[in-house]
Amino acid sequence: MQAEASHASTYRARKRCRSIATSEGLLSTAIVNILDRENKSHTCRLLLDPGSQKHFLTYKLPNKLRLTKRPVNLPVTGVELMQTSVKASVMTSIQSRVSNYSATMQFFLLSKATNWLPSQQFSLKNIKIPSHVKLADPKFNTPAEADGILGIGLFYGLLRTGQISLLDDSIILQNSHLGWIVGNHEKPRIIRSAVCNVATFGIEEQLAKFWIIEQGPEENAMSVEEKACEEHYRNHTRRDESTGKYTVRLPFRDNSDGLGESYANALRRFHSLERSLSRKQETKEQYVTFMKEFLELGHMSEVNNRPLLKATIIFTASRGNEAIESND
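Residues numbered from 1 in each chain as written. Predicted model: local features only at pLDDT ≥ 70, side-chain atom pairs only at ≥ 80, totals over all residues. Heavy atoms only, no water.

## Comments concerning the pairing of strand E8 (residues 159-166)
To keep it simple, the criterion reads: Only strands that DSSP links by at least two bridges are regarded as paired with each other. In this description a helix means any DSSP run of H or I spanning at least four residues, a strand means any run of E spanning at least two, and both kinds are numbered starting from the N terminus.
Two strands pair when backbone bridges link them, and E8 and strand E9 (residues 171-176) are joined in this way by five bridges, in the antiparallel orientation. Each residue of the ladder has a partner; that of Leu 166, found in E9, is Ile 171. Hairpin connection from E8 to E9: four residues lie between these consecutive antiparallel strands, with Leu 167 at a positive phi of about 55°.

This is the structure:
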């Protein structure tokens, strides 16, 4: 009688363990090494998801690794066409803990990658994992956060020959470059919650936004100053047909009557410059060479002491007189 009770108890325990192990679709995770900005390795937990077209990390990990973030604008679409927008990405490398495998890739950054995986802990007591098997995630049965997602661009390249079925085919071990990953066969039942990590990026939407930007605004709204600038250019631009040079009259926001008498100030500054250059022979030679070249190129001309109009006496264009400057 006691033996029968013990047998029944063992059967119930095994059945309960099997029920827990298969109570949800077991998503495959792996513990890998990831490199920081100084190429030092750190461990992280990643979800292996062939339903994702891109690779993702949570912001917390790149911040810890001090990786350089690059701005992006990537709409990511999931189930029921729910969409989120990714604003940053990083480049880094991952390395396997159990082999020489490594890969460098772009990760897009999310606030959160998934819920805790698995959603509830289950016992490994009746799951006899062979001794030669090195699991990609030794704690695959313990709920924990995932630091990111490895998508389809890498997923199938990770798989290697070798598959083991356990617990009446309800648990599947699949060999990979990251170690043996764990999944399960799901049986029909009542489901309380589910996780789906399908992620696609909308190329059509991206192209539509690109063309909208390229078209530019429908109306060219110009400010008063911009209109005045165009009008000034049309009315005061001259071209020398023999040399091909353009001459444009110096524009003023207001009239030039307020420039004042700038000749005395300009002459005083010129004499001050000469005194300064007399103490720096090398600088003086460079200055004289430059001014000669400026004169030869026709960018300035000699006045020869002829009478000057007040509006043309602007020796120092960036320093005005009597509270007004020529570039005001």
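## Observations concerning the side chain of Ser 96
Operational definition: We define a polar contact as two N or O atoms separated by no more than 3.5 Å, with the added condition that, inside protein, one atom must be a possible hydrogen donor and the other a possible acceptor, whereas residues neighbouring each other in sequence contribute only through side-chain atom pairs. The criterion used for residue contact is that any of the two residues' heavy atoms lie within 4.5 Å.
Considering the arrangement of structural elements, one finds Ser 96 in the loop between strand E5 (83-95) and strand E6 (102-110). Polar side-chain contacts of Ser 96 include one of 2.7 Å to the backbone oxygen of His 177. In this structure, Ser 96 is in contact with Asn 33, Tyr 101, His 177 and Leu 178, ignoring residues within four places of it in sequence.

## Considering the pairing of strand E10 (residues 181-184)
For a regular strand, side chains alternate in direction, first toward one face of the sheet and then toward the other. Where we set the bar: Here's how the labels work: a residue is buried when its accessible area is under 20% of the maximum for its type, exposed when over 50%, partly exposed in between, all with a 1.4 Å probe on protein chains only.
Covered by surrounding structure in E10 are Ile 181 and Gly 183 together with Val 182 and Asn 184, the residues of both alternating faces. Note: E9 against E10, four bridges, orientation antiparallel. Counterpart to Leu 173 in the pairing with E10 is Val 182. Counted between consecutive antiparallel strands, the loop separating E9 from E10 contains four residues, among which Gly 179 sits at a positive phi close to 115°.

## Here's the deal with the environment of Thr 104
Looking at the element boundaries, Thr 104 is found in strand E6. Exposure remark for Thr 104: the relative accessible area of 56% places this residue in the exposed category. Not counting residues within four places of it along the chain, the set of residues in contact with Thr 104 comprises Met 91, Thr 92 and Ser 93. Side-chain polar atoms of Thr 104 contact the side chain of Ser 93, separated by 2.5 Å.

## Focus on the sheet that holds E8
To be explicit about the condition: The convention used is that axes are lines fitted to C-alpha atoms, helices contributing only their stretch in contact, and that angles between N-to-C directions extend from 0 to 180 degrees.
Across the sheet, three strands lie side by side as E8-E9-E10; this open sheet has antiparallel pairing. The open sheet has two edge strands with one neighbour each: E8 and E10. With direction set aside, neighbouring strand axes in the sheet form an average angle of 25°.

That's the geometry; what it means functionally is another story.
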